[in-house]
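# Overview (structure and organization)
Single-letter residue listing:
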Amino acid sequence: MSWTRRLLVILAALAAALLAAPAAQAHEERPVTLPDGTGSVPVYRTGEPDLLVCKSDRADFERRVSGFPAALRDRNLKLFERCRKSGYRHLQQAVDAVDRPGMNIAVLPGLYEEEPSLPKPAGECARLKAPKSQLGYQILSYAQQARCPHNQNLVAILGKKDLQIEGTGAERTDVVVDAKYQKLNAIRADGSDGIYFRNFTAQRTTFNSLYVLAQDGFVIDSVLTRWNDEYGFLTFASDHGLYKNCESYGNGDSGIYPGSASNINDGYGYDVPRYSIEITGCRSHHNMVGYSGTAGDSVYVHDNEFDHNMGGASMDSAFPGHPGLPQNHARFERNLIHDNNADYYPYVADGTCAKPPVDRGYEEGVVCPQISMPPGSGIITAGGNWNRYENNWIYGQQRAAFVLTAVPAFIRGEEALSKQADTSHHNRYAGNHLGKDKAGNSRPNRTDVWWDGQGESNCWQPDAGPSSPRALPACGSERGAVSWPTDRLVGEPVKLAQLLVCADYNVQARRLPSGCDWYGARGIERIEVQVALTVAVVLTLVGGVLWWRRLRGSRLATVVTGLGVIGLGLDVAGSTMGLAASYVPALALLLTGVWWTGIGLVLRRERPWLGWTTVVLGALTLLDAVDKAVFMIPWIPLSPAWVRGLLGVVWVVWAVVAAARHGEADTTDASGSPSPDSPDAAGSPDAPDRADSPDASDQADSPDASGHADSPDASAEGPAPRSAQGTAPAASAPAPAPAPAPEGDAS
């Protein structure tokens, strides 16, 4: 790595530190390694079950099955008779009875609260030594989970191979496993390769309903999860997994979370041998986010529906402790992602989420968002690489269909300098149906793309609508083909400032950052508007004073200063949510760039260093307008906005100093000719040639007209009289000796 690029990486890491304020760990677990990949996706087994689970109340059971189709009702009645004689009353009892791989457990319709598992830990289990998570629960080892399986789990499935657990009802709500907010997990399958879950509901936990950990081979088939503090489904550090026909809602993080899916495609491009986890036919709705996955690697997500959440789907590299970071190789196809505009933050603000979980009202629609999430977003990628988003329907999003940001490596705990800008590369967004539903009806998104600008070879479909930036690298017909590919080491400064403000969220502390529209800030409350307004006020004041003191006699300076004021006003307007994805921000840059360029051309005749610096600042601003509205400029490691911003700070200080110096306004236009409105243009016989005269502010220190330095006599007589323009008379017309001053006259 060259020293220049190393320096830029350091700057990028420092700037990206704005993202380093996530409120809590997304999911903290014991250290685990990814499976070796020798397993396979289990296959559903038909036939009679080996073990049965049912409740003992026959009248209740008959009521539950009375509406089933005849054949299914008869089968359940027969299984019930068998279960009363040789079955179990709790699912955990049946799991404990599994003594060989390949067994089937059938769970008959009923409510399973697993009363033997509910008591709080006692004895040795109450004195386990283990680190605590940020949320307060212990991070137990596998041995500790085996020793005390119900410290955290209602049902613990540990080391059981090829086990199948199936509800026998007509619908998945006929069999319900209910933790009643007394356990971290309703069902935990840990190290149980080949497990198959089918046709039941798990609900009401203080973390997640169905947890699959460190497994090579699992299927979640027609299962419902709901009303959890964090996740509905959580699968972690697993391979050969399949979610199908599932549903999840009412969760404080995501409904579906394939975190740290096996990183089998690291090192590949877009075309890969296989995917570690497949998710299809599922619906996830009314959660904080429908789908999420820190290190959600090699996940194939197709033909699902993510709707009426705060966000449709997200994947990230923002939390440490997840094998497989940075996230890579997710593939989204043919999904319906729409109307994810819910806003659950008021439940945090009003104290609802500070109550015990049982009192929060999850069953009535309350959701307590666990991490920061921009409401109104379709698919969010925060620090991912080689992801493909193709042929999805994304519509009705009040913020953006796609959000892409980078995340520096130190946030995930990696300090190596070479890794700090290793995310947000090669993400492809192509062939999606934006702003239209499957029937072809218009359902526009407020913005189709919101991108911080960082990363290499990201591309979007050419027909994307309103976007920020307005100009996006377009995907070619072949994967990997990009028009004008960019490779930026850090995102846009204002967007990073927004992310800094918005990331400072904490549900436990009831801290909702002011200044961030994610949490309800509008108008002048938003950090983007505040930044734009501050810049506009400062530049208007400094530019106005500079014009009045130095430039008001120049027609060119007057005209371009007026354009600059308009441009600064448009910049404030362009920072609002309604115009941020339009061409208004670029137009504001265009007018501001014309202003700086114009006044720089005027200033350079008397103050060449300030003048040329101002011209350069104007050129950078015009370049920034092109970068945002025409095409993103390739081959540059930073957006022009960074250089423009840094140089702008220097210019403000310099311009203030220049305006504060003694002297009169410049009265020349860009060509050096006097303005028609100036006294020079009035034909005064004593008017000097301003283009050839020295700076008025330097006259007092210059030699006299004869070429000699000021003599003692001259100093005794007082200063030479000045013309109407404030300059000394020309050498060609010697001034008469001044009349003696009256006695006592201080002049």
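Quick look at unusual backbone geometry now. Residue L325 is joined to P326 through a cis peptide bond whose omega torsion reads 0 degrees. Topologically, P326 is positioned in the loop between strand 22 (311–316) and strand 23 (327–328). Here the bond from S468 into P469 is cis, since omega is 5 degrees, no more than 30 degrees from zero. You will see that S298, though not glycine, has its phi angle at about 55 degrees, which is positive. Relative to the helices and strands, S298 is located in the loop between strand 19 (289–294) and strand 20 (299–302). Taking the relative accessible area as the measure of exposure, S298 reaches 0% and is therefore buried. Of note in this structure, R510 is not a glycine but carries a positive phi near 55 degrees. Secondary-structure assignment places R510 in the loop between helix 7 (493–503) and helix 8 (527–551).

To continue, consider the nonpolar core. Grouped together as the largest cluster of nonpolar side chains are 71 residues, with contacts concentrated most on I105 and F197. Apart from residues no more than four positions distant in its own chain, F197 is found in contact with I157, I165, I187, A189, L210, V212, V219, I220, D221 and V223. Counting residues in each nonpolar core, the second largest holds 37 residues, with L224, I411, L496 and Y505 among its members.

Bringing the state of the cysteines into the picture now. Throughout the structure, instances matching the rule amount to 6 disulfides. Two residues, C246 and C282, share a disulfide whose sulfurs are 2.2 Å apart. What sets the handedness of the C246 and C282 disulfide is the S-S torsion sign, and at about 120 degrees it is right-handed. Of this pair, C246 sits in the loop between strand 14 (239–244) and strand 15 (247–251) while C282 sits in the loop between strand 17 (277–280) and strand 18 (283–285), placing them 36 residues apart in sequence. The same class applies to C246 and to C282, which are both buried. In this model C459 forms its disulfide with C475; the gap between the sulfur atoms is 2.0 Å. Between C459 and C475, the disulfide has an S-S torsion of 100 degrees and is therefore right-handed. Linking C459 in strand 35 (residues 459–460) with C475 in the loop between strand 36 (467–468) and strand 37 (487–488), this pair joins segments that are 16 residues apart in sequence. The two residues C459 and C475 agree in class, both being buried. For the protein, numbering the cysteines in disulfides from first to last along the sequence yields the connectivity 1-2, 3-4, 5-6, 7-8, 9-10, 11-12.

A word on helix 8. Since one α-helical turn is 3.6 residues long, residues separated by three or four positions face the same way. Taking 1.5 Å per residue as the helical rise, helix 8 with its 25 residues ought to reach 36 Å, and the 33 Å between its terminal C-alpha atoms agrees with that figure. For helix 8, the full list of buried residues reads I527, E528, V529, A532, A536, L539, V542, G543, L546, R550 and L551. Among the structural elements, helix 7, helix 9 (555–574), helix 10 (584–603) and helix 12 (640–660) are those in contact with the buried residues of helix 8.

Taken in spatial order, the 12 strands of this open sheet run 1-2-5-8-11-14-17-20-24-28-31-35, and their pairing is parallel. Looking at which strands have only one partner, the edges of the open sheet turn out to be strand 1 (51–53) and strand 35. Looking at chain direction, strand 28 (residues 388–390) and strand 31 (residues 428–430) are connected through 3 bridges and run parallel. In the sheet register, Y389 faces strand 31, and the bridge partner there is Y429.

Here we come to the confidence of the model for the protein. Summarising the model, the protein shows a mean pLDDT of 88, and 85% of its residues fall at 70 or more. Predicted confidence is poor over residues 1–24, with pLDDT under 50, and the contacts of this stretch with residues over four places away or in other chains come to 48 contacts. Note that residues 670–747 has pLDDT below 50 and, in this model, 56 contacts with residues that lie over four places away or in other chains.

Glancing now at the sheet that holds strand 19. The sheet built from 11 strands is open, its strands ordered 4-7-10-13-16-19-22-26-30-33-36 with parallel pairing. Both outer strands of the open sheet, strand 4 (153–158) and strand 36, are each paired with one neighbouring strand and no more. Looking at chain direction, strand 26 (residues 377–382) and strand 30 (residues 400–405) are connected through 5 bridges and run parallel. Looking at the pairing, I380 lines up with V403 of strand 30. Together, strand 30, strand 33 (449–451) and strand 36 form the strand contacts of helix 7, whose direction differs from that of strand 33 by roughly 90 degrees.

Between helix 7 and helix 8, the shortest axis-to-axis distance is 9 Å and the interhelical angle comes to 135 degrees. One element, helix 7, and the other, helix 8, form an angle in the oblique class. With respect to the hand of their crossing, helix 7 and helix 8 are arranged in right-handed fashion. Taken together, the residues of helix 8 that come into contact with helix 7 (itself represented by V494, Q498 and V501) are I527, E528 and V531. Considered class by class, the residues forming the contact of helix 7 with helix 8 number 4 nonpolar, 1 polar and 1 charged.

Attention now moves to the packing of aromatic side chains. In this description, a pair of aromatic rings is defined by centroid distance and the angle of the planes. Under the counting rule described, the total for this entry stands at 31 aromatic pairs. Ring pairing ties together the aromatic residues Y291, F306, F332, Y389, F402, Y429, W451 and W460, which thus form one cluster. In this structure, K438 packs its charged tip against the face of W393, placed 4.7 Å from the ring centre. A cation over a ring is seen here: K495 above W450, with NZ or CZ 4.9 Å from the ring centre.

Cut-offs used in this document
- Numbering of residues starts from 1 in every chain and runs along the sequence as written.
- Residue-level local features of this predicted model are given only where pLDDT is at least 70; pairs of side-chain atoms are given and counted only at 80 or more, and the full residue set underlies all totals for whole chains, interfaces and linings.
- Note: side-chain values were computed over all heavy atoms of the structure, leaving out hydrogens and water.
- A run of H or I in DSSP becomes a helix once it reaches four residues, and a run of E becomes a strand once it reaches two; helices and strands are each numbered from the N terminus.
- The rule is simple: take the accessible area with a 1.4 Å probe, protein chains only, and divide by the maximum for that residue type; under 20% is buried, over 50% is exposed, in between is partly exposed.
- In this description, a nonpolar core means a group of buried Ala, Val, Leu, Ile, Met, Phe, Trp, Tyr and Cys residues linked to one another through side-chain atoms lying within 4.5 Å.
- Whether two residues touch is decided by their heavy atoms; if any such pair falls within 4.5 Å, the residues are in contact.
- Only a pair of cysteine sulfur atoms within 2.5 Å qualifies as a disulfide here.
- Under the convention used throughout, the expected extent of a helix is 1.5 Å for every residue step, that is, one less than its residue count.
- Between any two strands, at least two bridges found by DSSP are needed for them to pair.
- You can read pLDDT as the predictor saying how much it trusts each residue, on a scale of 0 to 100.
- Every axis in this analysis is a line fitted to C-alpha atoms, fitted for helices over the stretch in contact. Angles between the N-to-C directions lie between 0 and 180 degrees.
- Here the word oblique covers every angle except those under 35 degrees (roughly parallel), over 145 (roughly antiparallel) and from 65 to 115 (roughly perpendicular).
- Crossings are sorted by hand: turned counterclockwise from the far helix by less than a right angle, the near helix makes the crossing left-handed, and turned clockwise it makes it right-handed.
- We call Asp, Glu, Lys and Arg charged. Ala, Val, Leu, Ile, Met, Phe, Trp, Tyr, Cys and Pro are nonpolar, and the rest, Gly among them, are polar.
- Two aromatic rings from Phe, Tyr or Trp, using only the six-membered ring of Trp, form a pair when their centres are within 6.5 Å; if the ring planes differ by under 30 degrees the pair is stacked, by over 60 it is edge-to-face, and anything between is tilted.
- Only when the NZ of Lys or the CZ of Arg is both within 6 Å of the ring centre and within 35 degrees of the ring normal is a charge said to sit over the ring.

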